[in-house]
Amino acid sequence: LKGGMSFPWQPRSARSLDAACLSYSVFLPKDFAFHRGGTLPGLIGGQPDSQQTAHVPDISARIRWRSTGEGDVVLHAPDAQDQVFGAGDRFVFPRGRWVKLDQEIVLNTPKKNDGRLRLWVDGALVVDAAELSLRATADQHLSGVAAQVYYGTTEAMTAAPQDTSVWMTPFELRYQ
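Residues numbered from 1 in each chain as written. Predicted model: local features only at pLDDT ≥ 70, side-chain atom pairs only at ≥ 80, totals over all residues. Heavy atoms only, no water.

## Some points on the pattern of salt bridges
As a reminder, the rule being used: Salt bridges are identified by distance alone: a Lys or Arg side-chain nitrogen within 4 Å of an Asp or Glu carboxyl oxygen. Relative accessibility thresholds used throughout: buried, under 20% of the residue-type maximum; exposed, over 50%; partly exposed, between the two (1.4 Å probe, protein chains only). Under the scheme used here, helices are H or I runs from DSSP no shorter than 4 residues and strands are E runs no shorter than 2 residues, and both carry numbers assigned from the N terminus.
With the rule as written, the count across this model stands at 9 salt bridges. Where Asp72 meets Arg64, a salt bridge forms, and the shortest distance between an N and an O atom there is 2.9 Å. Taken individually, Asp72 and Arg64 each receive the classification buried, so the pair is uniform in this respect. A salt bridge links Arg118 to Glu104; its shortest N-O distance comes to 3.5 Å. With Arg118 in strand E9 (residues 115-121) and Glu104 in strand E8 (residues 98-106), the pair connects residues that are 14 residues apart, well separated along the chain.

Quick look at the structure:
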């Protein structure tokens, strides 16, 4: 992926999760240009494919930075418009220091609006969205992480304004 990085991380033991937490830290250098915004890793899931070997990612919650450095989470779920949570002054990505991100998704009971999305930044709860419908059927589950870092949005990547680095710690995926 030119200008970013991308790989799915879907551990075999995490293919049928109804709830999961993703944790990692990110470091944006002091001269990091937020430019037109960008995308960081987040939890994904969906419905098993016909081979039962992978999930088609139709559930995703991507953490983003905006052109001003403000952060948010874009939630994509079946049969729903993308929803943005945390936009505004809830949190701003600092430059020149590590920031810990903890994301939690609890899938809804099919046909009920009892799902939940949460995001903590350095231990502070900045997104707490409840009463969500994230899946339509019981065979849709969380399955891992969309490990993507790039300038732009999930709809269109844009070029980095300059050579830059984004550092991340290894991902920690927790579930029962």
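That covers the picture; the talk isn't over yet.
## Notes on the nonpolar core
Condition: For this analysis, a nonpolar core means a set of buried residues of the types Ala, Val, Leu, Ile, Met, Phe, Trp, Tyr and Cys, connected via side-chain atoms within 4.5 Å. By definition, residues are in contact when any of their heavy atoms lie within 4.5 Å.
In terms of nonpolar packing, the biggest core is built from 41 residues, with Leu40, Phe93, Leu101 and Leu117 touching the most fellow members. Among the elements of the structure, strand E2 (19-27), strand E5 (55-65), strand E6 (71-76), E8, E9, strand E10 (124-132) and strand E11 (141-151) are those that each provide at least two residues to this core. In this structure Leu101 touches Leu22, Ser23, Tyr24, Val26, Leu40, Ile63, Phe93, Trp120 and Val121, once residues within four positions along its chain are discounted.

## A short note on the packing of aromatic side chains
For clarity, the threshold we go by: For Phe, Tyr and Trp, rings pair up if their centres lie within 6.5 Å, where Trp contributes its six-membered ring, and each pair is then called stacked (planes under 30 degrees apart), edge-to-face (over 60) or tilted (otherwise).
Enumeration according to the criterion identifies 7 aromatic pairs in this entry. Ring centres of Tyr24 and Phe171 lie 5.3 Å apart, and the angle between their planes is 80°; on these two criteria the pair is classed as edge-to-face. Taken together, the residues span a long stretch of sequence, with Tyr24 in strand E2 and Phe171 in the loop between strand E12 (167-168) and strand E13 (172-174) at a distance of 147 residues. On the basis of relative accessible area, Tyr24 is assigned to the buried category, the value being 2%. For Phe171, a relative accessible area of 19% gives the class buried. Between Phe27 and Trp98 the ring centres are 5.5 Å apart and the planes differ by 50°, which places this aromatic pair in the tilted class. Taken together, the positions of Phe27 in strand E2 and Trp98 in strand E8 put the pair 71 residues apart, joining distant regions of the chain. Overall, Phe27 belongs to the buried group, its relative accessible area being 13%. Joined through ring pairs, the aromatic side chains of Trp9, Tyr24 and Phe171 make up one cluster.

Purely geometric stuff here, so don't read any function into it on its own.
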